[in-house]
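Working through the structure, step by step
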Amino acid sequence: MKSARSNAAAAQSAVLMLPSKSYSYRFFLSVCFLVVVAYSLLMQTSATGVFVLVLLNLLFCADVMLKNAWRDLEKMRFTLSVLASVSALAAFCYGLSKTFFVAPLAGGAADLYVPLSALICLYLWTSLQSTRKKERTKVFIKKLDDFLPKSGRLLVGQREAMVFARELKEGDLIKVKAGERIPCEGEIAKGETAIDESLISGNMLPTAKAVKSRVYAGTLNKGADIYVRVTRPLDESVVAGIIGAIKNSERRRCVRKEDLDQYAPWLLVLAALLGVCVYSYFYWAGDYRRPLHTIGLFLLMMGLSCPLSFFFCVSFPSWFVRLGARRHQIKIQSLGALDILHQADAIFFDKTGTLTYGELRIHSVHAPDEKARRELLVCLATAEQMVDGPFANAVNIYAKEQKIKAHKLLSFDVLPGLGVKATSGRNTYLAGRPEWLIDQGIAIAQKPQGDRAIICGAKNGKYLGYVLLDDKLRPGAAKMVQRLQKMGKEVILMSGDNEASVAGIAQEIGITNYNFGVLPQTKAEILSNFNALGKKAVMIGDGFNDIIALLRADASVVFSSGKNVYNNWVDVILKRSDLGAITDLFRMNKKLSACIYTNVVLCVLCNMALVGSLLFIPAPVVQVLFFVPAGLLIGVAVIFLNSARLLNIK
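Within each chain, residues carry numbers counting from 1 in the order of the written sequence. Two thresholds apply to this predicted model, a pLDDT of at least 70 for residue-level local features and 80 or more for giving and counting side-chain atom pairs, whereas whole-chain, interface and lining totals are computed over all residues. Note: side-chain values were computed over all heavy atoms of the structure, leaving out hydrogens and water.

This next bit is on empty space enclosed by the protein. The pocket and cavity definitions rest on a 1 Å grid over protein atoms only: a 1.4 Å probe that fits but cannot leave marks a cavity, an open set with protein on both sides within 12 Å along at least five of seven lines marks a pocket, and residues lining either have an atom within 4 Å of a point. Grid points are joined across faces, edges and corners, and a volume is the space filled by probe spheres set on the points. Across all of its chains, the model carries three cavities of 30 Å³ or more by this definition. Each pocket or cavity is described by its volume, and for the largest cavity that value is around 150 Å³. Contributing to the lining of the largest cavity are 13 residues, with Ala271, Leu274, Leu304, Ser305 and Asn607 lying nearest its centre. Every element with two or more residues in the lining of the largest cavity is listed here: helix H9 (259-285) and helix H21 (580-616). Strands are runs of DSSP state E lasting at least two residues, helices are runs of H or I lasting at least four, and both sets are numbered from the N terminus onward. Sorting elements by how many residues they give to the lining of the largest cavity places H21 first, with five residues. Classifying every residue of the lining of the largest cavity by side-chain character gives eleven nonpolar, two polar and no charged. By volume, the second largest cavity amounts to about 60 Å³. Taken together, Ser87, Ala88, Ala91, Pro115, Leu116, Leu119, Gly303, Leu304, Cys306, Pro307, Leu308 and Leu632 make up the full set of residues lining the second largest cavity. Where the lining of the second largest cavity is concerned, the elements lending two or more residues are helix H5 (80-100) and helix H6 (113-136). We call Asp, Glu, Lys and Arg charged. Ala, Val, Leu, Ile, Met, Phe, Trp, Tyr, Cys and Pro are nonpolar, and the rest, Gly among them, are polar.

The end-to-end C-alpha distance of helix H23 (residues 627-643) is 25 Å, a good match for the 24 Å that 17 residues give at a rise of 1.5 Å each. For each residue, the accessible area found with a 1.4 Å probe, counting protein chains only, is set against the maximum for its type, and the residue is called buried under 20%, exposed over 50%, and partly exposed in between. Turning to H23, its buried residues are Val628, Pro629, Leu632, Gly635, Val636, Ile639, Asn642 and Ser643. Projected down its long axis, H23 carries its buried residues within an arc of 145°, all on one side. The outward face of H23, more than 90 degrees from its buried face, is lined by the exposed residues Leu633, Ile634 and Leu641. Expected span of a helix: the number of residues minus one, times 1.5 Å. By definition, the arc is the one covered by directions from the helix axis to the C-beta atoms.

Two strands form a pair only when DSSP identifies at least two bridges running between them. One open sheet holds the three strands; their spatial order is E6-E5-E8, and the pairing between them is antiparallel. Looking at which strands have only one partner, the edges of the open sheet turn out to be strand E6 (207-209) and strand E8 (220-221). The pairing of strand E5 (residues 193-196) with E8 spans two bridges and is antiparallel. For Asp196, the partnering residue across the bridge sits in E8 and is Leu220.

On to the pairing of strand E4 (residues 185-190). Remember that side chains alternate between the two faces of the sheet whenever the strand is regular. Where E4 meets strand E9 (residues 226-232), five bridges bridge the pair, whose relative direction is antiparallel. Its bridge partner lying in E9, Ile188 is registered against Val228. Examined bridge by bridge, E4 and strand E7 (residues 214-215) share two bridges and lie antiparallel to one another. By the bridge assignment for E7, Gly186 is matched with Val215.

Within the secondary structure, Thr45 is located in the loop between helix H2 (21-42) and helix H3 (47-60). Residue classification places Thr45 among the partly exposed positions, given a relative accessible area of 44%. Dropping the residues within four chain positions of it, Thr45 is found in contact with Ser40 and Val50. Residue contacts are defined here by distance: any two heavy atoms, one from each residue, within 4.5 Å place the two residues in contact.

Given below as structure tokens:
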């Protein structure tokens, strides 16, 4: 692990090795210098005074730029720092000759003080944004401990004592009341209940538990009071393992060069070649007879080798593509994830809350006739109206849609994991599992079959029928999987749900490779094994239980929900309900890459036009105050207009 970190650090640009505060105060100081230099030139103050201001700017603000360039050159990396440093030093030397030499060097521009000051300012701004982006990926761990239970009820003889959850040890007997979180992992010693294990497995349905059933720390007891024998302390539990992995691990990401660093060497080589060509042309043409005098043209070319528009070739498209994505209800936190999504060998999906909505809905109602159908819905709505849970929510929503009015309750009794017994007037209603209704003496002619959740209904001992519930697929799931497979991506489904549920969803949308009953650590291990083969993987999930897998993947995408603790670590957050957003991400990456490349080409062309005007237009015209800054700002405007096309992503 240590060597991997050192290799990643060695591959990083020197800019990212420093904290953001190294750039922040220098940036604000450089802005002040830029304003003062521009004002001094406008007021035609002493040229020596302007030179001193530029020198101070170079010494106190650009020092970090020069140091970064030196570190990168030591490792044979030609980055933005190197390009900006070469340009700044050349511009400074050009201005020095124009200010103090009796016979100034050749070159159309009066000086390059304003472009030099602006270059330093923009370099520090770009570096500040890069370092802040890196620092934002650090984990904000304060919220994580909220998922851990704080205390437990320890039974000592006949006495019950409240103790810290971390004080409980193997073999202790604890009591967990309904509505409390289980403080440690263990086995139920007494009682029956239903446990909400969505934090661990992602399964939204409460799981029925009886004596000797295993329970997990951090899960919610939604049924009756139970007694649990501790088998594993809190610090060794599954949920503690999830939180520990988040606290102690860094996101696994491919070492990726900054976009400006990728293009900087080409601009440097191009400027040097053009500088040599210009020097040779004017020297041999006889316009300037002295070799040292003609060197001013080379300094002019190198001083403008890093145009101001180059700093915006990536930032403008990044800003506009984020705005365009927001119009499509997509929040992009890391643009590098778009590249990884395009390069990925496999896309891993969670089921509940990702491929599906994560909410149960009634799929179909089965009753002998329309009268019996309505009577069944009245029965279920009456029994479930005061119950809190996914089954009851599904029944109540459907009853409201069908304009079914529930009868007023006199009493009701919830049997965790089995069903509900309710009394209204002289009628007794039962709603629950078919096995439970049979145990209550209800005759069911044919037991319902299938992989969907089932709720049967009975009134006064008479069986009325049943409803099937399922977790509805998000729109466009099958089409999205088909598109990914056509792109050559391997699509894999991982879920903590049961085999029948996972297999049914996989078959419906065309996924052949799926895993069921998978715990969070197992999801992470599957991704780690995939990465060990040298392949790139993207994890698309939802909820806290997917966080380790999201961290292990090369890029991570989640559907937004109420549990937003993972928002600090994921790359893309989808705020819309359909899965067409996944294919939109591919389209955004294609347009973003094309826009950045076009911006670099336009930047070079605008800069060549400016240099050409300085070389061939008569001196009285090009030496007009702020001629060079105006030409550079035109390049920035061209880049801005070209990038604005990303607002409309279709």
